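Residue-level listing of the chains:
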Amino acid sequence: MTATAPPAEAVQTPAETAPRSAWRSWLARHPLAAYALRRFGLYLVELWGALTIAFFFFRLMPGDPIQTLIQTLQQNYVYNQQASTEIIARYRAEFGLDGNIFAQYLKYMENLVLHGDLGPSLISYPTPAQDVILRSLPWTIGLLGVSAVLAWIFGIIIGAIAGWRRGKIGSAIATNLSIALSHVPFFFVALILVYVFAYSLGMLPARSAYDSRISPGLSLDFIGSVLKYGLLPALSIVLIGTFGWILSTRMLMVPVLGEDYLVYAEAKGLKPWRILTRYALRNCYLPQVTAFGISLGFIFNGNVLVEQLFNYPGLGTTLVTAIQQLDFNTIIGVTDMAIFSVLTAVLLLDLLLPLLDPRVKYWK
Amino acid sequence: MRVLNAVLRTVRNSKRLATGLVILAVMVLVAIFSPLIVSSIGGDTDPLEMAAYEKWLVPSPDHVLGTDQFGRDVLAMVVSAMSVSLQIGAIAGVISTVVGVIVAFVAGYKGGWVDGVLSTFTGVLLVIPTFPLLIALSAYAKNVSLFQVGVMISIFSWPFAAKTIRSQVLSLRSRPYVDLARVSKSRDLEIIGTELLPNLLPFIGVGFASSALGAIFGLVGLEVIGLGPGGVIDLGQIIFNAINTGALTLGAWPMFVVPIVLLTLLFAALNMINIGLEEVYNPRLRGVAGE
Amino acid sequence: SGSGSYSDKPADNNNKPAAQKSIQIGKANIPTPRDQTVIVGQVEYTVFDSFNTMIPNGWQSGAGFESVCREAMFYLNLATGELKPWLATGYKYNDSHTELTINFEPKAKWSDGKPLTANDFKFTMMLLRDRSDLFGGGGELKEFVGEVVVPDEHTAVIKMKKATPRLHYNFVAAIASPPFEVLPEHVWKGQDPTKFKENPPTRTGPYKLKQNIRNQKMFVWEKSPDYWAKDQLDPAPQYVVYQSTSKQLDSAALAFERAEFDVGSIDEQHAKQLRNNGYPSMVTTQFHDPNPRMLWLNSDPARGVIAEPKMRWAINYCLDREKIGKSIWPVEVPPAIYPWADYPGNDKWKNDELANKYKFEFNPEKAAGLLDEIAPKNAAGKRTYKGKEVNLEIITASPVDGGEYAIANVLKTELAKVGVPATLRSLVGGVHGEKFERGEYDIDSNWHGFAFDPEQLYTDWESSKAQPIGKNAAGKNKARFKDPKLDELSLKLAQLDPTSPEAKPLLDQALEIYFQKLPLLPVIQTGYPSFFNTAFWTGWPTDDDLYQVPLNWWPHFIFVLGKLKATGQKGPA
Amino acid sequence: MSEETVLEVSGLDVTYSTNRGDVRAVQSVDLSVRRGEILGIAGESGSGKSTLAVALLRLLKPPGKVTGGSAIFHPKGRSPVDLLKVQGEDLRVLRWSALSYLPQGSQSSLNPVMRVGDQFRDVILEHAPERKEALSELIERLLAQVGLERRVARMYPHELSGGMKQRVLMAICVALEPDLVIADEPTTALDVTIQRVILQSLADLRRDFGVTLMVISHDMGVHAQLVDRVAVMYEGRLVEVGDVHQVFKDPRHPYSRQLIESIPRLGRRAS
Amino acid sequence: MTAGKVIELRGVQQRFHARGTPSGYLTAVEDASFRLDAEPPQVVSLVGQSGSGKSTIARNVLGLQKPTAGTVTYGGKDIFKLSRAEHDEYRRNVQPVFQDPYSIFNPFYRVDRVLWKAVKKFDLATTREQGLAMIEESLQAVSLDPGRVLGRYPHQLSGGQRQRIMLARIHMLRPAFVIADEPVSMLDAQIRKMFLDILLDFQRDHGMTTLFITHDLSTVYYLGGQVMVINKGVIVERGPVTSVMHTPSHPYTRLLLDSIPQPDPDNRWTTRIKVDDEESLPPSDSQEVTPII
Ligand SMILES: Nc1ncnc2c1ncn2[C@@H]1O[C@H](COP(=O)(O)OP(=O)(O)OP(=O)(O)O)[C@@H](O)[C@H]1O
Ligand SMILES: Nc1ncnc2c1ncn2[C@@H]1O[C@H](COP(=O)(O)OP(=O)(O)OP(=O)(O)O)[C@@H](O)[C@H]1O
Ligand SMILES: [Mg+2]
Ligand SMILES: [Mg+2]
């Protein structure tokens, strides 16, 4: 070795470089806050990007939805046919479809961000689109949201057990059943459930959201009725959803099983159930948390058929009707709502993740 | 080559993988020979033609699975539908997996701003609901081929693959064996291909299986809105048809049971292949009594 | 093959009628007593709180408003051909067809007790004449109506700008609702007609809105205690509930079977199954849709070969109407030759000589022959027209499992056999409408027809109304048909009472042009069976006693309700 | 040190079956461990040390298989059992309260998403629920025993250095004062200073808790510093067992001699 | 072998993001400067306790991690700016033995692949037989029975066996510079000695220069040559092994010396030492989960 450096003892630690600003150093000292801020910034970017894409995608479609709609209505209901230009011009203005597309975009964004206004709906003109959406949203969230959460929880638990008891007969059954059933369409299961429970056994109602003899309100009767009527549709979603989560959880579980800390937990003589929940599961369910956030998007467009089958007053049917009539304000509104909910859910979950998983790094 | 060898090796050792491959192979064979099978079912008439036979016939020796509401032979429909469904599944599955994998690898391996941009883009695409967008697309599209439909479906399904794989790449890229490959003069692409890819096969496999299955069901959605490839029948469409015509209460079980069983078999086959690959991926699991 | 269909009666009691089953009554989810309620099953509702028919989606059609609440001035019963004056007692043109006098029923009252007068009519007329931005506004009213004079409370005289013998068509409920409906002036005066929701609505009908339950997708109509026409029409049901049913037929059929609906919610195939299984309480009533299923053929030369009459005839020869009528449509229906429904009342427009001269038949050979003339095959075996390979674009708004799609599909298969490839697409409503209006199609599988006389068709085919491809047709002449001769005939016919002797030769000439050039290709007469459950109510129109149009979304349905009798069956607790 | 044996291994055979034939990793090993002693297992890499430990702990995973022998274990206050035969609940109860394990790859043996304290709590409550009241003091005392502060209990494994993790594991090992602790290469992955601290702590454990330790290491220095008796393994067989002084001073088996001679020492250079 | 090539580090600093530190980062290596000459071949040891930055320096030298400040040069050129040909030459001549024998093998492949890859990538053999002969020779050189390890998967080998495979790789490649990061930690004394002898033979016979990273001063002593002592990222002492060992000037070096377990049961430690756990920072954890952003 050639001594290019100063003699051994003389090596000194150089003084820390002074932080560039108080703000930066504050952030450096509060990595959680810095992480949250950065994550929030990203959230805004994604939100803006997705909303913008959604807007332009629909607005740049060839054709004129207003004109089409008006003519269709005129034709279907045998109205006096007329030049229609006046009607069309009038509604085009009302729907914010006149003028330059960028001006439209700015106006749309302004209304959306400042007033939460999506413009009037076509399918239920002149009710604002946000009202149309908000009216069906609670049912959708109630039915699909709750079922999605339940499916997730069941799926994780069963999937974890299936992975854990790899090789055991019960696990094989669960796994193979999931493999087979996780892609059976929801509505098919729903149909069979209706057939069996509503008609053959007559145990549960086959359609609607509650008993129409009860007036909606915070009464026990009403809530009971909502639960009773929601049971079948929810069951069909939970059933199939669970199988999907079982598969993916099992798949995450298997590598965890090879980890030393599981062998060690076994050596510690812990009860298998405890090893499963506190050791194996806790190390593999985290990716599922994010996946769940993303899957929420399906609530907005994934279960139209189930809603239709049960005649449920949810968002899916609203969306389909809106699509059939090219009600852009409502379609974009539902789209925006989906984007907003999913992104927000993922944001919250990401912010929550460091609390659930101590290993999460706050930097990239 | 190595990968292939590894696969062949596991095929020998894993019953599951072998079963999966056999099921898949049989389905592919049926699909390939579907025109022959269909014409042998029909004899002189084209069994897929509207009103070829009486409608809603119950299964009989002449029509093993009966006929549908337009008097088409359900068996012939199922056979030719399977070919279409397999094609669309393969096209969309391959495209979205390949795109997803490429994006995931570029983002995960390169890191930095490339990762930032790609991940944000993926994230945005991931949350935009697809159904309304596809409707909008239907207004642009004229005559769409099966391949184009596959591309359309892939546009919306690759982000899922990309997202799961990227996080795996992130965890793998700092593995010491990647470093070892780097000092052994392996180029980035080679490292991705030979060091990372094999370890991600199960993830890629699962991604492929779900994109493929998603595409098979997604095709029905497209057909309903006029974006389907004209004049073809696929399995999803038969199920959709069965549901819309109330085949369950009519007792026309072949219309939904057969396609659902076929799709389930397909999915099961893909999954068995995956689990087999999982054993390749994780040799530690080999020898552990498989399920 | 000896095997039957799924809907056939069980094999064991082959020739005997199936045993009468007792039905198992399900619990209908309604807020009113079941035995006093008629439940009508419809598919989907989206508008609940508005009854303004003059703005887009300002009301919910098919939810009872137009059937049980609102009334027409005249009803034309297409089932019997009878014209029934209702809110009005009669109409009369002057000889030059420039003045139309309408008399109103003196007893007619709005549901709030105020009398309905000619002033209400005048108010509505003026509103619609002057407001082209309202549905039903402008159009013919603007074109023809000058002034409305009200000499007394019960008489209105319309002074026209131009002569026409057809203005009264606007006031008759013939196919579904009439284009024009009288509004109560005392409610609407001073309201902004583009915003006013009129919830609940004030109308003259025997039922009033009791409840509109959005979350149940349900409208509950209750009998009006002091309905003005009780002496002629006093329906027995205390309530009429219009409710969404499941779109999936399995669930819908099961609901019908358990008498959870009295009207609708089932399809022919399931109904057939019930019939064959001896289901005791179902009435199936056939009714011909006034609009036969038709193929619209684009006549614009810019679309290429489809504009050639020979091509249209080739297509015509490719249509196996018998097969379609027998196997494609849910019920067996006759082929359509004339572009209108085969009601006895329409027989006067027929001309069998012409029909024989231009005989419609399924004859692919003739089709191929015609095609060889205009679009011979090139070296590659592809038919070309003006140097371009022929490829037809067929669109339809019908879903992939719908009848019109299937019709187009049959055609497509036959066309392929004669060497004409075609693409067929089912497009979502709005997207379809857009393409249709802009003429961006070769063939549209659709429907068309008229209520009164063929001039209603011919006037639409006037060359002046044909827009170039790509430009919105605004609902007129969407096939872009052009024929100077027809223009001339149509102009003359517009001035003539169609039943007058001068009109007949003109009509025949126009019909011949239709046969020569085929702007539309009628395919089949369209049978729509209606299904009624007799567990709670009897007296429905039947094939044997088709006293009224049986469709529940038509205004005429009120007369069906008027004939019902309760069976005394009680609903489950 | 009593003459009482805690563990009596006889004729232990362990085989790994591979696609290239069976590997007999442990072959007819006879060994007895005395109560209160620290027994060292030395031997070259691949000689079957870890396999022996894992087999005794019943953690052997396929394709490994015990093909013969017995291991009679005499836990205090319980009847003797054959470790190689005991099953199910009996095995689970035996584990940790009587037999604990300090694994080779200590770096990943702690559950990454659980606080250190909770990992103590888990095992203590599982086997000795009656200690619930005094739990936090107990954990504190155990940590102090291995020279760690009590705040470590609130930390997550990834916040600890390798040496700290190793010591946490040691503390967990003795939490229930087991009859026997098997430590597989407790210091291999650690640097010398930490190694010294760990070795001190291991000696302390014996002193304070009277546990019996079986320490596996290929480092003769470790054996010299820590153990009472050494067993030398070679190609799956036990070639020599004896007092540490005797083995170092007067190795009987030629392989042991080689092992000791090859130890690099300060002051002895190759070239 | 390439005579006269030099690896030189000047003022190398390596920082990592870290949470909980006031500055938001952690300095793993600070201002490290030294050079390794191919001529004359030599052994330079780098000793220090766990987390002191030894592996980080190794990664810098190998071009796997770009330092946040300072330069690493090979033959006078910055190794991060080499042309393709220069880069190939640098790779050929600078090879590592990595620390962790567990994760150095891709679990997907058999262990042979590592050796075959070396043969192929660096054109060591023209035929398969030749390559196989070479591999077998090298395995025997690290006293592994080729029949027992070839064709096995990594998890089927013991820790020491895996480490020896990496040594066999070096034995095959004979690079001018070996960056050996704790190559013998898992080996028993006999094999360890054998391996060190191989290194020394290589130095002598093939002119191989070794950067030998360890925490074990007895190994350093055995190897001789130069030694650098690193503490918390800073090189605190350097010089010929004999002088540093016999007259350590830094208290840290003394502590290290003190901690070598003497292989003499009669000469056990009597005093106790204490290490400051506060200072030992969490080692990098390969299983860290990053929220997907
Ligand atoms: N899963 C396995 N499959 C096949 N052979 C194995 C397996 N695990 C270990 N072996 C073999 O068993 C023998 C003993 O391995 P073991 O791990 O017990 O050695 P060790 O003495 O602990 O060595 P080290 O000191 O290197 O850790 C070795 O030859 C090894 O290759
Ligand atoms: N990629 C990285 N990200 C963050 N911190 C790192 C990274 N790599 C190393 N460090 C940190 O840098 C410091 C020095 O690590 P390094 O691996 O160089 O130590 P070492 O001297 O090799 O220790 P050991 O003897 O344990 O191998 C440690 O505190 C470590 O946590
Ligand atoms: Mg070992
Ligand atoms: Mg290191």
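Residues numbered from 1 in each chain as written. Chains lettered and ligands numbered in written order. Predicted model: local features only at pLDDT ≥ 70, side-chain atom pairs only at ≥ 80, totals over all residues. Heavy atoms only, no water.

- As annotated in an unreviewed UniProt entry, chain E carries the name ABC transporter ATP-binding protein and comes from Kribbella sancticallisti.

Topic: the overall build of chain C
Argument step 1. Within chain C one finds 16 helices and 22 strands.
Argument step 2. For 573 residues, the compact-globule estimate of 2.2 N^0.38 gives 25 Å, and the C-alpha radius of gyration of chain C, at 25 Å, lies within 12% of that figure.
Argument step 3. Expressed along its principal axes, the backbone C-alpha trace of chain C runs to roughly 75 × 70 × 40 Å.
Argument step 4. Long-range contacts, defined here as pairs at least 24 residues apart, represent 70% of the contacts in chain C between residues at least 6 apart.
Argument step 5. Summing over all exposed atoms, chain C offers an accessible surface of approximately 20,200 Å²; the carbon and sulfur share of this is 50%.
Argument step 6. Between the averaged position of the 68 positive side-chain charges in chain C and that of its 72 negative side-chain charges there is a distance of 3 Å. (Helix = DSSP H or I, 4+ residues; strand = E, 2+ residues; numbered from the N terminus. Rg over C-alpha atoms; globule rule 2.2 N^0.38 Å. Contact = heavy atoms within 4.5 Å. Areas by Shrake-Rupley, 256 points an atom, 1.4 Å probe, with all protein chains shown as cover. Lys, Arg positive; Asp, Glu negative; His and termini not counted. Charge placed at Lys NZ, Arg CZ, Asp CG, Glu CD.)

Some thoughts on the site of ligand 1
Argument step 1. In the vicinity of ligand 1 lie 21 residues, with Gly46(D), Lys49(D), Ser50(D), Thr51(D) and Gln161(E) positioned nearest.
Argument step 2. Surrounding ligand 1 is a set of residues that belongs to chains D and E.
Argument step 3. Gln156(E) places a main-chain nitrogen or oxygen 3.0 Å from an oxygen atom of ligand 1.
Argument step 4. Here Gln161(E) contributes a side-chain N or O atom positioned 2.8 Å from an oxygen atom of ligand 1. (Near = heavy atom within 4 Å. Polar contact = N/O pair within 3.5 Å; in protein donor to acceptor, adjacent residues only side chain to side chain.)

Describing unusual backbone geometry
Argument step 1. Residue Pro200(C) follows Asn199(C) across a cis peptide bond; omega there is -5 degrees.
Argument step 2. Within the element layout of this structure, Pro200(C) appears in the loop between α4 (185-188) and β9 (207-213).
Argument step 3. For the bond running from Glu39(E) to Pro40(E), omega is -10 degrees, close enough to zero to count as cis.
Argument step 4. Looking at where Pro40(E) falls in the secondary structure, it is placed in the loop between β2 (25-37) and β3 (43-47).

Section: the interface of chain A and chain C
Argument step 1. Across the boundary between the two partners, chain A contributes 55 residues, which contact 67 residues of chain C.
Argument step 2. Around 5,400 Å² of area is buried between chain A and chain C when both sides are counted, 48% of it from carbon and sulfur atoms.
Argument step 3. Connecting chain A to chain C are 1 salt bridge.
Argument step 4. Notably, a salt bridge pairs Lys27(C) with Asp211(A), separated by 3.9 Å at the nearest N-O pair.
Argument step 5. Across the chain A-chain C interface, the total number found is 7 residue pairs in polar contact (both at pLDDT 80 or more).
Argument step 6. Listing elements by their share of the side of chain A that touches chain C, those giving two or more residues are α3 (65-76), α4 (85-94), α6 (129-164), α8 (186-200), α14 (304-310) and α15 (315-324) of chain A.
Argument step 7. Ranked by residues supplied to the side of chain A that touches chain C, first place goes to α3(A) with 9 residues. (Buried area = accessible area lost by both parts, 1.4 Å probe. Salt bridge = Lys/Arg side-chain N within 4 Å of Asp/Glu carboxyl O.)

Examining the nonpolar core
One recurring pattern in soluble globular proteins: nonpolar side chains tend to sit buried together.
Argument step 1. Core analysis: the largest hydrophobic core is formed by 339 residues, its most contacted members being Ile315(C), Leu392(C), Tyr458(C), Phe120(D), Val168(D) and Met214(D).
Argument step 2. In this structure, Leu392(C) is in contact with Val305(C), Ile306(C), Met311(C), Ile315(C), Leu415(C), Val420(C), Pro421(C), Ala422(C), Thr423(C), Asp442(C) and Ile443(C), ignoring residues within four places of it in sequence.
Argument step 3. Residues Val148(C), Tyr169(C), Tyr242(C) and Phe559(C) belong to the second largest nonpolar core, which totals 89 residues. (Core = buried A, V, L, I, M, F, W, Y, C linked by side-chain atoms within 4.5 Å. Buried < 20%, exposed > 50% of the residue type's maximum accessible area, 1.4 Å probe, protein only.)

As for helix α2 (residues 15-32) of chain B
Note that an α-helix has 3.6 residues per turn; residues three or four places apart therefore point the same way.
Residues and elements named next belong to chain B.
Argument step 1. If you check α2, its first and last C-alpha atoms are 25 Å apart, about what 18 residues at 1.5 Å a residue would give, namely 26 Å.
Argument step 2. If you check which residues of α2 are buried, you get Arg-16, Leu-17, Gly-20, Ile-23, Met-27 and Ala-31. One side of α2 holds all its buried residues, which, seen down the axis, span an arc of 135 degrees. Counted as exposed and oriented over 90 degrees from the buried face of α2: Lys-15, Val-22 and Ile-32. (Expected span 1.5 Å × (residues − 1). Arc of directions from axis to C-beta.)

A word on the packing of aromatic side chains
Argument step 1. Per the stated rule, a full pass over the model turns up 53 aromatic pairs over all chains.
Argument step 2. Ring centres 5.6 Å apart and planes at 35 degrees place the aromatic pair Phe40(A) and Tyr43(A) in the tilted group. You can see Phe40(A) and its partner Tyr43(A) sitting in helix α2 (residues 31-59), 3 residues apart, about one turn around the helix.
Argument step 3. Here the aromatic residues Trp313(C), Tyr317(C), Tyr338(C), Trp340(C), Tyr358(C), Phe360(C), Phe450(C), Tyr458(C), Trp461(C), Phe481(C), Tyr514(C) and Phe515(C) are joined through ring pairs into a cluster of three or more.
Argument step 4. Lying across the ring of Phe559(C), Lys84(C) places its NZ or CZ 4.2 Å from the centre.
Argument step 5. Positioned above the aromatic ring of Tyr109(E), the side-chain terminus of Arg113(E) is 3.8 Å from the ring centre. (Phe/Tyr/Trp six-rings, centres within 6.5 Å; stacked < 30°, edge-to-face > 60°. Lys NZ or Arg CZ within 6 Å of the ring centre and 35° of its normal.)

Here's the deal with the sheet that holds strand β2 (residues 74-77) of chain C
All names here are of chain C.
Argument step 1. If you trace the 3 strands from one edge of the open sheet to the other, you get β3-β2-β8, paired in mixed fashion. Each having just a single partner strand, β3 (82-85) and β8 (172-173) make up the two edges of the open sheet.
Argument step 2. Sheet analysis places β2 next to β3, joined by 4 bridges and oriented antiparallel. By the bridge assignment for β3, Tyr-75 is matched with Lys-84. (Pairing = 2+ DSSP bridges.)

Points about the pattern of salt bridges
Argument step 1. Tallying each qualifying case throughout the model produces 70 salt bridges over all chains.
Argument step 2. Measuring nitrogen to oxygen at the nearest pair gives 3.7 Å for the salt bridge that ties Glu49(B) to Lys323(C). Of this pair, Glu49(B) sits in the loop between α3 (34-42) and α4 (74-110) while Lys323(C) sits in helix α8 (residues 321-328), on two different chains.
Argument step 3. By relative accessible area, which is 14% here, Glu49(B) ends up buried.
Argument step 4. Note on Lys323(C): relative accessible area 17%, which makes it buried.
Argument step 5. Each of Glu190(B), Glu195(B), Arg113(E), Lys117(E) and Lys121(E) takes part in one network of salt bridges that share partners.

What about the packing of α6(A) against helix α11 (residues 272-284) of chain A?
When two helices pack together, their arrangement is given by the angle between their axes and by how far apart the axes lie.
All names here are of chain A.
Argument step 1. Contact geometry of α6 with α11 gives a least axis separation of 11 Å together with a crossing angle of 110 degrees. Compared by their axis directions, α6 and α11 come out roughly perpendicular. Two secondary-structure elements touch here, α6 through Ile-156, Ala-160, Ile-161 and Trp-164 and α11 through Pro-272, Trp-273, Ile-275, Leu-276 and Leu-281.
Argument step 2. In the contact of α6 with α11, the residues fall into 9 nonpolar, no polar and no charged. (Axes fitted to C-alpha atoms, helices over the stretch in contact; angles between N-to-C directions. Parallel < 35°, antiparallel > 145°, perpendicular 65-115°, else oblique. Nonpolar A, V, L, I, M, F, W, Y, C, P; charged D, E, K, R; others polar.)

Details of the side chain of Glu126(D)
Argument step 1. Tracing the sequence through the fold places Glu126(D) in helix α3 (residues 116-127).
Argument step 2. Side chain to side chain, Glu126(D) and Lys271(A) meet in a polar contact 3.0 Å long.
Argument step 3. Those residues within four positions of Glu126(D) in sequence are excluded, and the remaining contacts are Gly269(A), Leu270(A), Lys271(A), Arg274(A), Arg92(D) and Arg121(D).

A closer look at the interface of chain B and chain A
Argument step 1. With 46 residues of chain B at the contact, the number on the chain A side is 48 residues.
Argument step 2. Of the roughly 4,100 Å² buried between chain B and chain A, counting both surfaces, carbon and sulfur atoms make up 78%.
Argument step 3. Where chain B touches chain A, the interface holds 0 residue pairs in polar contact (both at pLDDT 80 or more).
Argument step 4. Counting residues per element, the ones that place at least two in the side of chain B that touches chain A are α5 (112-127), α6 (130-140), α7 (146-172), α9 (188-224), α11 (247-250) and α12 (254-281) of chain B.

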